[in-house]
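Chain residues, written in single-letter form:
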Amino acid sequence: MTGLDTLRPRLPSPLQEVSDPRFARRGLRLLLKRDDLIHPELVGNKWRKLAPNLTAAAGRAVVTFGGAYSNHLRATAAAGRLLGLPTVGVVRGEELADRPLNPSLARCADDGMRLHFVDRSTYRRKAEPDVLARVLRAADAAEAYVVPEGGSNPLAVRGCRALGEELAGRADVVAVACGTGGTLAGLAAGLAPDQRALGIPVLRGGFLTADTRALQHQAFGGTRGDWALDDRFHFGGYARTAPELDAFAVDFEDRHGVPVERLYVAKLLYGLTALAEEGAFPRGATLAAVVTGRPFP
């Protein structure tokens, strides 16, 4: 297996200031932490989460989990191809097995990932040891290294701590879009004491506070950093958007020449813009938005 160092990640990722009147008129600076430029195929928080897990896999096959449009599944499949590592993707939705693959799953398959579809009830219980063991046996992956949905486990959280360390002293508030809470948990732990992290969940449910706290306890033995979540900008849930959000993303791209991924990054930037308009940040503050991915395909 080729070592991860041969993939030549761009670390630390660039920090880009953008001039945006919606922030400037509130006396705010906006920085973009361009994690989307870390690696052409393992972009953003996917590199930070996967790299320590791929090292721990030590050449074994990797099995992981996701929905039909999962960025995490695509990143894991790409890593498998680049490193010569077998990968298995357990996909939510047994009914999808008999349908043509969507572009996201087709990319996974093209990269060599073996897809195993499970019914939604079983998928919801995948963290239960007996259910997980049954799923792994059915997927012929009982001996594989298991990476959880979204890649968020203690190794991943500790990997994301470097993101906060790279931003220490560079911004007053660092904001990131959240799916499973792992990136936020690590980011907050790496920031300086006078900085705070803000998570913008892209799913409904209000469960991420407890999940993020639990991940920090697993990774560090307790809560770390000053962090909070704002649940108002999920636009209906994961993989859901709206004409208003798409128009915002197109406008941001036109203003700043930065490609805006719709399922995570657009919601983050929309939320930050709305919060700025609400006066949520004091004049003179510097905000950093973590660009965790880029549009697919």
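Below: a short report on this structure. (Residues numbered from 1 in each chain as written. Predicted model: local features only at pLDDT ≥ 70, side-chain atom pairs only at ≥ 80, totals over all residues. Heavy atoms only, no water.)

Next up on the list: the side chain of histidine 39. With respect to the element layout, histidine 39 can be found in the loop between β2 (29-33) and α2 (45-57). Excluding residues within four positions of it along the chain, histidine 39 makes contact with Leu7, Trp47, Leu82 and Arg294. (Helix = DSSP H or I, 4+ residues; strand = E, 2+ residues; numbered from the N terminus. Contact = heavy atoms within 4.5 Å.)

When two helices pack together, you describe them by how their axes are tilted relative to each other and by the distance separating the axes. With their axes 9 Å apart at the nearest point, helix α8 (residues 182-190) and helix α9 (residues 208-220) run at an angle of 60° to one another. Compared by their axis directions, α8 and α9 come out oblique. The way α8 lies across α9 gives a crossing that is right-handed. Along its contact with α8, which presents Gly182, Leu184, Ala185, Ala188 and Ala189, the element α9 presents Thr212, Leu215, Gln216 and Phe220. (Axes fitted to C-alpha atoms, helices over the stretch in contact; angles between N-to-C directions. Parallel < 35°, antiparallel > 145°, perpendicular 65-115°, else oblique. Left-handed = near helix turned anticlockwise from the far one by under 90°.)

As a further point, take the environment of glycine 190. Along the polypeptide, glycine 190 turns up in helix α8. Sequence separation between glycine 190 and arginine 224 is 34 residues; the distance between their C-alpha atoms is 8.5 Å.

This part covers the side chain of histidine 72. The residue histidine 72 is located in helix α3 (residues 71-83) in this model. Histidine 72 gets classed as buried once you look at its relative accessible area, which sits at 3%. Excluding residues within four positions of it along the chain, histidine 72 makes contact with Lys46, Leu50, Thr64, Phe65, Val147, Pro148, Glu149, Gly150 and Gly151. (Buried < 20%, exposed > 50% of the residue type's maximum accessible area, 1.4 Å probe, protein only.)

So, on to the pattern of salt bridges. This structure, assessed with the given rule, holds 21 salt bridges. A salt bridge links aspartate 251 to arginine 22, with the shortest nitrogen-to-oxygen separation between them at 3.5 Å. With aspartate 251 in helix α10 (residues 243-256) and arginine 22 in helix α1 (residues 21-24), the pair connects residues that are 229 residues apart, well separated along the chain. Owing to a relative accessible area of 11%, arginine 22 belongs among the buried residues under this scheme. With its nearest N and O atoms 3.1 Å apart, the salt bridge here joins arginine 125 to glutamate 128. Under the relative-accessibility criterion, arginine 125 is labelled partly exposed at 37%. (Salt bridge = Lys/Arg side-chain N within 4 Å of Asp/Glu carboxyl O.)

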